[in-house]
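# Structure at a glance
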Amino acid sequence: MGAFKFRPHSQDFWAGLLFLGLGLLAVYIARDYPLGRAMRMGPGYFPTYLGWMMAFLGVIVCGRSFFLEPKPEEVVTKWARGPLVLMPLSVALFAVVVDNF
């Protein structure tokens, strides 16, 4: 295990931040839903607990990136802007077109 070092070019760092952000977003969105109990779950039970588990996983994955040296193929060198723009655009285009076909 390596020494503590900030490694922003590690895939684990970015994946951990993504999990942490999505988990906290799910908890935030589900905050007004009634939670219920384990025997009688409300509509907020699943997204709240799943969001907390996802955030916990994000902390673990992101924390590992501070101690483990990434392999050369795991280093993020530059962002691929094409797929980053085209993927959400294709989903939005599908949502607009799906009712017309």
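Scroll up to find the structure this text is about.
Presented here is a report on the structure given in the accompanying data block. (Residues numbered from 1 in each chain as written. Predicted model: local features only at pLDDT ≥ 70, side-chain atom pairs only at ≥ 80, totals over all residues. Heavy atoms only, no water.)

## Considering the overall build of the protein
Rule in force here: For the purposes of this entry, the term helix denotes a DSSP run of H or I that reaches at least four residues, the term strand denotes a run of E that reaches at least two, and both are numbered from the N terminus. To sort residues, take the accessible area from a 1.4 Å probe on protein chains only and compare it with the maximum for the residue type: under 20% means buried, over 50% means exposed, and anything in between is partly exposed. Contacts are residue-level and defined by heavy atoms, with any inter-residue pair within 4.5 Å sufficient. Using a 1.4 Å probe, the Shrake-Rupley method yields the accessible areas, and only the shown protein chains count as cover for residues.
In terms of helices and strands, the protein carries 3 helices and 0 strands. In the protein, buried positions account for 18% of the 101 residues. Within the protein, counting contacts between residues at least 6 apart in sequence, those at least 24 apart form 71% of the total. As displayed, the protein has an accessible area near 8200 Å², and 72% of this comes from carbon and sulfur atoms.

## Digging into the packing of aromatic side chains
Using the following cut-off: Pairing of aromatic rings covers Phe, Tyr and Trp, the last through its six-membered ring, and needs centres within 6.5 Å; plane angles under 30 degrees mean stacked, over 60 mean edge-to-face, and all others mean tilted. Working rule: Lys NZ or Arg CZ, within 6 Å of ring centre, within 35 degrees of ring normal, means a charge sits over the ring.
Here the structure, examined in full by the defined rule, presents 3 aromatic pairs. Seen from their ring centres, Phe13 and Trp14 are 5.2 Å apart, and the 80° between their planes marks the pair as edge-to-face. A residue is classified by how much of its surface remains accessible, and Trp14, at 36% relative accessible area, is partly exposed. With centroids separated by 4.8 Å and ring planes inclined at 55°, the aromatic side chains of Tyr45 and Tyr49 adopt a geometry described as tilted. Highlighted residues: Tyr45 and Tyr49, both in helix α2 (residues 45-65), separated by 4 residues, approximately one helical turn. The class for Tyr49 is partly exposed, based on a relative accessible area of 39%. Put simply, the rings of Phe13, Trp14 and Phe66 pair up and form one aromatic cluster. The lysine or arginine in question, Arg31, covers the ring of Tyr28, its NZ or CZ lying 4.1 Å from the ring centre.

## A few points about a nonpolar patch on the surface
The criterion, for reference: Patch membership is restricted to residues that have no salt bridge and whose relative accessible area is over 30%. Joining uses 9 Å for like charges and 5 Å for the nonpolar side chains Val, Leu, Ile, Met, Phe, Trp and Tyr. Salt bridges are counted wherever a side-chain nitrogen of Lys or Arg sits within 4 Å of a carboxyl oxygen of Asp or Glu.
A contiguous nonpolar surface patch, about 620 Å² in accessible area, is contributed by Trp14, Leu17, Trp79, Leu84, Val85 and Leu89. Those elements that place two or more of their residues in the nonpolar patch are α1 (11-29) and α3 (81-97). For the nonpolar patch, the element with the most residues is α3, which contributes 3 residues. When you line up the elements, Leu84 lands in helix α3. With a relative accessible area of 53%, Leu84 lands in the exposed category.

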